[in-house]
Structure formats: C-alpha cells, structure tokens
Amino acid sequence: MQDLLVSVNFFAWALPALLVVPLVGALLIRLFGRTALPDREPGFAPWREVRNLAFGTLVVELLIALLLWLGFDPAGPAYQAVADFPWIPEWGARLRFGVDGISLAMVLLTAVVMPAAVLGGWTSVTTKIRSYYALLLVLTTGLMGVFLSLDLLLFYVMWELMLVPLYFLIGIWGAARRVRASLKYFLFTFPASLLMLVAIIATYVAAGSQSFDVEYLIANTDMTVLGQAWLFGAFFLAFAVKSALVPMHTWLPDAQHEAPIAAAVALGVKVGAYGLLRFALPLFPAGAMDSTVRTVIIVLSVVTIVYGALVAMVQPDLKRLTSYSSISHVGFVFLGIFALTVTGVQGSVTTMVSSGLATCALFLMLGMLHERRGTGMIANFGGLAKAVPMYATLFTLFVLSSIGLPGTVGFVGEFLVLVGSYATYPLATVVGATGVVLAAAYALWAFQRVFFEPLANPENAKMPDLNRRELGVVGLLAILIIWLGIAPGNMLRRIEPAAERLVQGVTTAAGMAGAQGTPEAP
Amino acid sequence: MLLQTAVSATAAAHPLVGTLASYVWLVPLLPLLGFVINGVASLFPAYIAGPTDPSQDAEAGHMHPGDAGYGHPPVAPFYARLSTVVGPLVVALSFLLTLGILAAWLAASPAAPYIQTYGAWMPAGDMRIDWAFQVDQLAITMMLVITGIGTLIHIFSIGYMRGDPGYSRYFAYLNLFIFFMLVLVLGASYPVMFVGWEGVGLCSYLLISFWYSDEVNANAGKKAFIMNRVGDFGFLVAMFLMFANFGALDFAGVDAAVLSAGQGSAVITVICLFLFLGCAGKSAQMPLYLWLPDAMAGPTPVSALIHAATMVTAGVYLVARSSMLFALAPAASLLVALIGALTAFLAATVGLKQWDIKKVLAYSTISQLGYMFVAVGVGAYTAGVFHLVTHAFFKALLFLGAGSVIWALHAAYHHTHREDDAQDMRNMGALRHRMRWTWVLMWVATLAIAGIPFFSGFFSKDQVLESVAARALGSPIAEVSLLGLPGSGVLWFIYALSLASAFLTAVYMTRLMIYTFHGPSRVGAAEEPQVREAPWVMTLPLLVLGVLSAFGGWLNLPELFPMGRLHVLDAWLEPVVGAARDRLSGVDIHLSHNTELALVAAAVAAAVLGMLVAKVFVKPEVLVPKAQAARSRGFGGVLERAYSVDQGVDRVLIRPTVTFSRKLLWRGLDNGLIDGLLVNGSAVVARGFAWAGSRVQSGNVGSYAWIFVAGALVVLGVLTFR
C-alpha cells in the first residue's frame, strides 16, 4: 500500500488535493446551468445533478482521506505528506500543510461526516440549491484547511473560510429563527476570532517577524510567562467559544437548532479543541501550564460536563438536547487535553471523533424526523418504536454511543480521558465521571418520551420507516461507531506519537520557562 | 481464523490449550449469533394478524367475540418458529460447551487460570487493555449457572411469550443478555468485565421496558438503567484508582500489585468502597435497591433470569473476583457485610406486606442478595457463591412458578374478558387444585428459600450464618473497627439481622404460598374453571429447577451432614478465593461440633418458627379481591408502600434537580444571563447586525455569500500567485 502510494507521488499531492477538490466541485456547481434554477420539489432533475456533483466531490475527498489514513506511518516523522508553497514572502507566510495523527483523525472525521450529511439530508434543502451545495463544499475546504495548516496565518485564513460559509448556511437555509441564530453565532465567534488574529500578530512579532511557520514559532517565541499567559488566553477564548465551552456555549444550541442538517453536522466537528492541541498549547506552554490558568480551565471543563448534561435533561426539543449533550462532551475533551497526559490527549481526540460521529448521526436522524413530521419537539412524539422500528433501533445505538456505553467509540473516548485526567486531577475526574449518570438520565428520559409510551398521535403512526438511502447512511455510521468502539487500536496508535510529542513538548518547554509545572488538584 | 491464530500464539503453555476449553470464545459468541438471527427475525411480523388470538398482547388489547379470528390460536410464521428454535438452542449449545470446558478443566486440573487474548482493545499511553477472557473455577461456576438456568428460562419463554408480537425481539434481547453476562464473567480485566457489566444493564433496560407502550414499564426500565449507572460510576472510579495506583487493570496484574500493599491500606479501602458502589447498583443493595421492585414490569421469565438468577448476582461475583482487594481492606469488607445484612433485613420486612406476587419475590431477591454480600463481606467467598448458586435454582423456580400462575390467570381473564390484575395475590387463592405441578414445585422452592433441612437453601444459608458467627468469635476481621464500633460487635449484629431475616423469609414465603395456592378461591366464579396448568414447555423447566432446588445442597455438604462428598464447592473454589479468605478470617476458623449444632438449630428454628407464624397469622379467609380491598393503614401500610423511599427520593433528589436545571441553569443562566449580557445586551452591535439581518431576509443574500467567498478567494489568489 505504502509503496503504491509513493509510486504515484500520493503524499506530495494528497493535502493540496483535499483542499482543492471541494473548491473545484463548488466551482462546477456554481457554473452549472445558465440560468438560476427554480425552487422545486426534490425530484427535479437538474437538482439531482447538482446534488450528485456535490456528493461525488465529497466521496472523492473521502477516498483521498482514506488513502492518507492507510498510508500514514505512526512511526514516521511528526508531520507527514507535507506540502509547502510560497505565499507571502514579505511576511514569511507560506502555504504549508501537513498531517500528524491528531489532524489525520480530524481530517478523516470531516471526510466521513460531510458526505454523510449530504446524503442523509438529500431531500431536506429545497431552495437555492446550487449556492447551498457550493457553500457546503467551500466549508469542507475550510475545515480541511484548519486541520492541515502548519502556518499560523494560513490557519487563520482557513478558520475564517470555515466560519463564514457556516454563517450564511444558517442564515439562509435555516429554520424559522435562522436570522437570530446566525447573528448569535456571528456575535460569539467573530470577536473571538479577531482576538485570535491580534494574538497571532503578537506572536509573530514576538518571534522576530520572520515566519508564521508553527514549528519555527514554537522554537523561537521568546516571551515572559505573563506574556504567554495573555496570548494563551486570547487563543483559548477563541477556541473555547468555537468549542462551546460553558459559559461560552449558548450560541451552539440555537445555531444547531436552526441550521440546515449539513451545517449542524459541520458544527459538531471540534475545530476549537483541535486548535488548542495544535497551536495554543505548543505555542504558549508556560501560559497553559500556569497552575491558575489550568485550574480555571479544569473547573470550566468539569462544569461543562455537568452543566451540559443537566441542561440537556430539561430540553423540550431533540435538536437542542443533542446540542447540549455535545457541549457535555466538550467538557470531556477539554478535561483530557488539560490533564496533559498522553492517555488523556488520546482520549480527547477519540472523544472529538466520537462526538463528531454521534452528532452527525443524531442530527441526520433528527433531520429525517423533521422531514417526516416537521417538528423535533419531544412532546409531539411517543411510541415511535412501534411506528418506525428500524429508525428507533439505530437511534438507540447512537444515543448509547453518545452516553458512552462500552462497545461503542463513545466509551473509548470517555474512558481514556478520565483515566488520563485522573493522574493529574483526581478530584475533577471523579466529579466529571458523574457525567455518565447524568448522560443516562437525559438520554433515556428523552428516548422514552419519543420512542416508548403509547403511540397516541395518528400522524406519528403513519410515519414511514427509514428508506434505503437513509438506512445506508446511518447504517454505515453505526458500523463505524461500533467498529471504533471494539477496535480503536488503529486510531489510537496513529494519535499516540502526536499526543506524546505534545505532552512532552509542553511540559519540557514550560519547565524551561520557569513556570510551575506541577499542577494542583482544584 | 483470526481468533484462533491469536489464541495459539498467546497461550501456548497452558495445559488447557488444545482441549475444548480453547473454544471458550464460542460460549459467548453463540448467544451473540442468536441475537443477530433473532434481531433480523424481529423485523418481520412474529405472528400473523388475522386468525390470531394474541393472549399475551398487552399492546393491542384483547380481541372480542366477533373479531375476525377470535378464539383461534395465533399463527406463527417462519420467523417466529425460527426464534423458537434459535433462541433456546444457542444457549443450550453454550451450556454443553461449558460442560465440556468443565470436563477439560477437571481432566487437566491446571494450577493457573487459562487466559485467552484476542488482541489489543485500548492501547493508549502506558495503558494496555486487551480483549481477553479468563477461565478459572469461579468463571466456570458462573458460566454453568448462566447458560444452564438460561437454557431452562429460554425454553420456558417459548410458552410464556407465545403469541406476543415482539416474540423474536424478546429472544434477541434475551440472547444478547446471555452474551453480555458471559463477557462479564469471562473478562480477564476490569474494563472487559465492565463491557459485560454495562451490557447486561442495557439488556435489563430493554427487557424491563419490553412492553414499552405502557408508561409504567418504560419508567421502570429507565429507572433501572440510571440507578445502575450510579453504580457504574463507582466501578469506573475504582478502575481509575486501580490504574493510577497499580498500573494495571487486568485481574492478574492487579492481584500481583496488591500483594505488596499492606493490610488496611487506605487506597485499597477506597477502591473497594467504589467497587461496592458498583455492586450496590447492579445487585440492588442499599441505597441503590429501588430499581429492582420496579423491574418486575418486565416479562416474568426476564425477572427469573436477569433479576433473580444471574445479572443481579454480578455484584457478588465482582466481590469474589476482587477478593484479593477486599481481603486487604477489612473495614470495607465489614461494611459490605453490614450493608448486606441491613438490606436483607429491611427488604424482608417490606416483603411481608406486598400483594403483587412478583413484588414479594423482588424484595425477597434483594434480601437474599443481602445474604450473599454478608457472606462475601466476611470473607466467606465460597459461601456467597454457594448461596448465589442455590438461590439461582430456587428463585428462578419461584419466578417461573409465579409466571405460570400469572400466565394461567391471564388466560382465564382473557377467556372471560375481564380486565384485572393477574399478579395480585388478592385475586388468587386455592390454585393448588387447578395447578398441581406448579403448586408442588413452588413449595419445594419455598422450603428451600426458607432454609428447611435438607433443601438446597438450608445448606447455603446455614453456611453463610455459620461463617458470620465463626468470624465474630475470633478472626482478623473481628479485630477491625468500623466507625468506632468493634468488629466482633458488628459481626454479631450482622448475625442477628441475618437470623431475623431468615425468620422473616419463612414468614413472607409461607404467606405467599398460602395466599396463592391455599384458602378460598378469589379468582372469580367465571374464571375459576378456566385456570389450568401451563403447557409442558413451561412446566418442564420448573421440574428441573425443582430437582435442583431440592438437592442443590449436595454441591457443598458440611461435616455435620455427611450425606455424600463434603465441601465440593469449597474445594473447587479454593484456588481462587482461598488466600483472600485466610487473610480476613484467619487460617483456623473451625467451630466446635456443639457450636455448629447450636447454630444450625437456631437457623432451623427461625425457619420453622417463621412458617408457623405465617400459618397462624395469615388468614386468606378474610381477604377480598384487589378491587374491593381497602388501603392498608398503620405500620402495615408503611411496609406496603416500602417505607415510601421512592417518593422521598423523587421529592428530595429528582424533582429539585430537574427544577434547578430548568429554572436556574437553562432559563436563568443560559437564556437570561449569558444571552442577555453577551447578545441582547450589546445593543449597538445588535443594531448593526440587524441591518445585515434585514439584508439576509431580503433574499439577495445568496449573492452576498458569493461576493464574500469570491472576494476571499481573490485575495488569497493574488497573494499567492503574484
């Protein structure tokens, strides 16, 4: 496999291809047809072609990502498949891309959930179809760029390239209160990312205004602990807002509730946590390792786990409930990252994957429910297990993964996070572990009200079960969730070297900067 | 293929390699296969509508004369027949294979457990968790109980669930349960055991809520799962502690690591307490017992299999499996025994006043599980496992017998179109005339659970009581102090509670038998002639269990009753738990002949007295059917409502949490404070965006989006390709 890939020079063009392929798809879609396509029913022939084009593009993307996954050598160099082009020589900014185990996991996750979202929501969008799919493809490029960039300025551009299509996707194709939701989304994320831009420039200047290359910056940033703490704070704020860490989370339930399915799925990809792992922690180790900073973050993480679960419990709407449950997952992700143990970081990345998959699957299924019944309010349902048994079975599985049942990938992530964080923050870990109880409470309570109890509403009784397309999409996601739950070894082995480097780099650098590296339990 | 290569590579040295034991992976795999087949079958209708008579259909309601097909038996299409064959067969095959493994073990009598590794599960950092099974005497014992009793209950279910629209789904869940239960007892490490541990919890949830259209059933399933999760939280924390302190999570590694730790070390005590929280959840001990009475909402064979014979004993298994840890934490062990004794006593008191026949048995199960924890708590691990096994026999029999009764009453009600409670003993009485087999066999089980010589329960209960007394008379565990109380005093208190529970057990079981089978009939004049014994497919498993309940005591005869080979189970489990037992109880704990005789006499006296008291005080003549019954008052009412603990928890814990989350966190903080402060409060920004918003609504925004994206690309391109 490796030889074959090398022989076609795969590792030289794989990453640029991941970024360019969706853009080409978007361009083709934009150029499709001479006049604007009318808003029609989903079966309208030119529409099918637009959708096929979008889906085909994303399948190509998935194939490239899969080959990259297979070709990745866990024992190899830190960044693989590196592609490097000149960009803005005056500033020392380059188009530099590369993957390590962590970004690889996120790239593959994105490459899986985006086509799944398109196929799962095949008939859900009925207006301005070309713009919708084209923006979705641009969004894919943005997400991929975020995960692949090794240049800080490039990362920022990609970050914006991901934020802005989402804003439009929510604002145009969203549900009734879409404008409010997209404004809220913008109001939270835009100032935060501006703050990040300022911090990026400050970092650049502090390193001698030579280069935006991440490795260069890590090696050459000369700063006091205090300076590091400030810059770290700025980055952290941007990433925490995007991750929807409590108390910066209230935009997410609104956004995911109003967003079209694919956008809701994309919002479930944890770019914020990734940014912490790739940039904030390695760039400002002393700031991140400062015991006060860490204690505050650990407390926020644990609060997020519990808070997200408690608020999820009282949501009357399934989409909001799913959002809050993914907020609870974010708490686990942050706990694992800031425990700064290899196991914890591996657990965090696994949780990012599992939460992304669960969010994708659940939002797809909720979208299917919306298409059938036009609502996601729990009170409108009951007894669905009788009406749509296949739908109910698969939904059960995704819920179980989301609450961390062993045998699903959700458990692997949570377990590794907690084992890893116990080593540094035992008390916080124990409090965080109560999340498993609360998760069972919110998930089963909602599940009962939707799928159990009498099938009273005749509208629900008439609901058709999953069709073949829907069954195919969520069925594959189900298999993936179980497979990664039973045999996560391949993923963990790829993540491990990157996690080790991160933990080692941060702890030694923080030690050199004279910071107090020994954390205290909150 | 993959499995076999891995197996041969890792366990080449063990004497069991190449014997039937090397196929141990097939034991759980067969039920898993059954789950898949039945799961697929469940997608097709199990019983053809039309000329059917769904006598057990709780969802569709009953048919009426004049309905098409009224009075005809249900028609089972191919898929239902498939489930009838596959469901019980896979479990029976597992049982046969387990027998083969037992034979192979006895033939080779290896000194060490046989561990089969199938590959890495979670290789992360310095942690390595493998998919691995461990076969040893304890695991084989549990496997025999699970697959043996499991087979009988699967066969019983063929009759009990006949005609249910969810027939195949039922067998799918039941097979899945057997799979997870086998993983639980076979897992070679705590995490693999945890897979089974949570898996059986899931199956329990699915089966309690099996007739999910009824909100009561759905509530019961949810409650069981959440309470179990509280226990699972304890299990998880115990694992974190173990990994942080021992660097291992497999049984062999943990056992090796703890040997160096000292007696009574604080870390081990804390680990044991968290593990016991897990046990309390799974095995319905205080304070997490509340779910088990509600779990009776599931089909009765499920109650027999999951909520009496197997799953609920997993906690006892966990303590026995972790005996090396508990032996090093005498204070924690003593606490386990104390909680067991308190649970046994309190549950028995509640059992005195229940009317629902299954509720009596549920509280009885909680009480008997308490006995098992008394045993494993004082370090009498074999006694605990012995009682686990005999209890599996007689309690499965009691539940299936109750199932027969309920089935018969249900059929009779169905015949006369009466809607009434087929589980309430006030609607029964005098059934011995109509259900001879069930009557006789349930009496066998009653005598066994009451501890009448020489039924199975007599021997196991006696061994538990005797172990407690022996420890109280002098042993390391009697030396420790619990919350300032001397260990020996606590042990005598435990003994007294256990003896009192034995008395109460005899009372409530005799009461159950009298109300159900004796006295005047309250079934109803029209229904009475319709009540008849269940078909053989249901009665035959009862018969087998009856034999086991009567003679199960021969598994472990004490010196006092040399009626065969002595101490078979003691000797069998000695390699697994012997060392741990000696640490807690001292090496020499033999009682004098007279003391032993006195203890047996006390236990028998308690049982006989209990039965006599019940005979004198239980008056079926004055009982009226449920519909006419008045609400109980006074202390009887308190017991009938089970001390109102459920209502208390609801009022003190659950409602406040929900209100707090809704009013304060969501409405208050999220919608009020954060949104108000950050979003709605920033009026200037908002106004600016309101303009943008109006543009968005104007419909032109598609173009705006394009302007933005195109602009961004142009900037990028210009910068790149200058």
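Remember, it's a predicted structure, so these values are computed and weren't measured experimentally.

## Points about the overall build of chain B
Part 1 of the argument: From N to C terminus, chain B includes 27 helices and four strands.
Part 2 of the argument: A burial count over chain B gives 56% of its 722 residues as buried.
Part 3 of the argument: Considering only contacts within chain B whose residues lie at least 6 apart along the sequence, 81% involve residues at least 24 apart.

## Describing the overall build of chain A
Part 1 of the argument: Scanning chain A from terminus to terminus reveals 24 helices and two strands.
Part 2 of the argument: Relative to the 2.2 N^0.38 estimate, which gives 24 Å for 522 residues, the radius of gyration of chain A is 22 Å and therefore close to what a compact globule would have.
Part 3 of the argument: For the C-alpha atoms alone, the extent of chain A along its principal axes is close to 70 × 55 × 45 Å.
Part 4 of the argument: When the 522 residues of chain A are sorted by exposure, 65% land in the buried category.
Part 5 of the argument: Taking contacts inside chain A between residues at least 6 apart in sequence as the whole, the part at least 24 apart equals 82%.

## Topic: the confidence of the model for chain B
All names here are of chain B.
Part 1 of the argument: Mean pLDDT over chain B stands at 85; residues scoring 70 or higher make up 88%.
Part 2 of the argument: Within the model, the stretch residues 697-701 combines pLDDT values under 50 with seven contacts to residues more than four positions away or in other chains.
Part 3 of the argument: Scoring of the predicted complex yields 0.91 for pTM and 0.91 for ipTM.

## Notes on the nonpolar core
Part 1 of the argument: V107 of chain A together with A396 of chain B are the most contacted members of the largest nonpolar core, which has 481 residues in total.
Part 2 of the argument: With 22 residues, helix α16 (residues 381-416) of chain B is the single largest residue contributor to this core.
Part 3 of the argument: Each residue touching A396 of chain B, except ones within four places of it in the same chain, is listed here: I149, I153, A304, A308, A309 and L545 of chain B.

## As for helix α6 (residues 152-173) of chain A
Part 1 of the argument: Between its first and last C-alpha atoms α6 of chain A spans 32 Å; for 22 residues at 1.5 Å apiece the expected length is 32 Å, and the two agree.
Part 2 of the argument: Across the 22 residues of α6 of chain A, 22 count as buried, placing the element largely inside the fold.

## Regarding the packing of helix α18 (residues 389-402) of chain A against helix α23 (residues 468-486) of chain A
Residues and elements named next belong to chain A.
Part 1 of the argument: The N-to-C vectors of α18 and α23 enclose an angle of 35 degrees; their axes lie 10 Å apart at closest approach. Here the hand of the crossing between α18 and α23 comes out left-handed. Residues M390, L394, L397 and S401 of α18 lie in contact with α23, whose contacting residues are L471, V474, A478 and I481.

## With respect to the pairing of strand β1 (residues 114-124) of chain B
All names here are of chain B.
Part 1 of the argument: Where β1 meets strand β2 (residues 127-135), nine bridges bridge the pair, whose relative direction is antiparallel. Bridge pairing links A120 to D130 in β2.
Part 2 of the argument: From the end of β1 to the start of β2, which pair antiparallel, there are two residues, and G125 there has a positive phi angle of about 55 degrees.

## A short note on the environment of M127 of chain B
Part 1 of the argument: Here M127 of chain B is to be found in strand β2.
Part 2 of the argument: Separated by 44 residues in the primary sequence, M127 of chain B and S83 of chain B have C-alpha atoms spaced 42 Å apart.
Part 3 of the argument: Leaving out residues up to four positions away in the same chain, M127 of chain B has contacts with T343 and V419 of chain A together with M122 and F243 of chain B.

## Some remarks on the environment of F95 of chain B
All names here are of chain B.
Part 1 of the argument: Within the secondary structure layout, F95 lies in helix α3 (residues 78-108).
Part 2 of the argument: In this structure the C-alpha to C-alpha distance between F95 and L483, which are 388 residues apart in sequence, comes to 45 Å.
Part 3 of the argument: Not counting chain neighbours up to four residues away, the residues in contact with F95 comprise T147, G148 and T151.

## What to know about the pairing of strand β2 (residues 93-99) of chain A
Residues and elements named next belong to chain A.
Part 1 of the argument: Counting buried positions along β2 yields six of seven residues, so the element is predominantly enclosed.
Part 2 of the argument: Across six bridges, the pairing between strand β1 (residues 80-88) and β2 is antiparallel. Within β2, the residue paired with I88 across the bridge is A93.
Part 3 of the argument: Between the end of β1 and the start of β2, which pair antiparallel, lie four residues, with G92 showing a positive phi angle near 75 degrees.

## Brief notes about the interface of chain A and chain B
For an interface, size is often stated in terms of accessible area lost upon the parts coming together.
Part 1 of the argument: Taken together, the 63 residues of chain A in the interface contact 52 residues of chain B.
Part 2 of the argument: Looking at side-chain class alone, the side of chain A that touches chain B contains 44 nonpolar, 13 polar and six charged residues.

## Looking at helix α8 (residues 251-258) of chain B
An α-helical segment advances 3.6 residues per turn. Residues three or four places apart therefore align on the same side.
Residues and elements named next belong to chain B.
Part 1 of the argument: Listing the buried residues of α8 in full gives F251, V254 and V258. The arc that holds every buried residue of α8, seen down its axis, measures 70 degrees, which confines them to one face.
Part 2 of the argument: Buried residues belonging to α8 abut β2, α7 (215-246), α9 (266-282), α12 (314-321) and α13 (323-327).

## Concerning the packing of helix α19 (residues 409-424) of chain A against helix α20 (residues 426-433) of chain A
Residues and elements named next belong to chain A.
Part 1 of the argument: Axis separation between α19 and α20 bottoms out at 6 Å; the angle between their running directions is 150 degrees. Classified by the interaxial angle, the pair formed by α19 and α20 is roughly antiparallel. Contacts between α19 and α20 pair L418, S421 and Y422 from the former with P426, A428, T429, G432 and A433 from the latter.

## Points about unusual backbone geometry
Part 1 of the argument: A cis amide bond links M286 of chain B with the next residue in sequence, P287 of chain B, at an omega value of 0 degrees.
Part 2 of the argument: Looking at the element boundaries, P287 of chain B is found in the loop between α9 and α10 (291-294).
Part 3 of the argument: With omega at -5 degrees, the peptide bond leading from P453 of chain B into F454 of chain B counts as cis.
Part 4 of the argument: For F454 of chain B, the position within the fold is in the loop between α17 (436-450) and α18 (456-473).
Part 5 of the argument: Positive phi values are uncommon outside glycine, yet A81 of chain A reaches one of about 55 degrees.
Part 6 of the argument: In this structure, A81 of chain A sits in strand β1.
Part 7 of the argument: Using a count of 22 C-beta atoms within 10 Å as the deciding quantity, one classes A81 of chain A as buried.

## Brief notes about the environment of T221 of chain A
All names here are of chain A.
Part 1 of the argument: Here T221 is to be found in the loop between α8 (214-220) and α9 (225-243).
Part 2 of the argument: Judged by the 20 C-beta atoms lying within 10 Å of it, T221 falls in the buried class.
Part 3 of the argument: As for T221 and G208, which are separated by 13 residues in sequence, their C-alpha atoms are 8.0 Å apart.
Part 4 of the argument: When near neighbours in sequence (up to four residues on either side) are disregarded, T221 contacts T203, A206, A207 and L283.

## Quick word on the confidence of the model for chain A
Part 1 of the argument: Confidence along chain A averages 88 in pLDDT terms, with 95% of residues attaining 70 or more.
Part 2 of the argument: A low-confidence stretch, residues 515-522 of chain A (pLDDT under 50), is modelled with 25 contacts involving residues beyond four sequence positions or located in other chains.

Reading the values: the criteria
- Residues numbered from 1 in each chain as written.
- Chains lettered and ligands numbered in written order.
- Predicted model: local features only at pLDDT ≥ 70, side-chain atom pairs only at ≥ 80, totals over all residues.
- Helix = DSSP H or I, 4+ residues; strand = E, 2+ residues; numbered from the N terminus.
- Buried ≥ 20, exposed ≤ 12 C-beta atoms within 10 Å, placed from the backbone.
- Contact = placed C-beta atoms within 7 Å.
- Rg over C-alpha atoms; globule rule 2.2 N^0.38 Å.
- pLDDT = per-residue confidence, 0-100.
- Core = buried A, V, L, I, M, F, W, Y, C linked by C-beta atoms within 7 Å.
- Expected span 1.5 Å × (residues − 1).
- Axes fitted to C-alpha atoms, helices over the stretch in contact; angles between N-to-C directions.
- Left-handed = near helix turned anticlockwise from the far one by under 90°.
- Pairing = 2+ DSSP bridges.
- Nonpolar A, V, L, I, M, F, W, Y, C, P; charged D, E, K, R; others polar.
- Arc of directions from axis to C-beta.
- Parallel < 35°, antiparallel > 145°, perpendicular 65-115°, else oblique.

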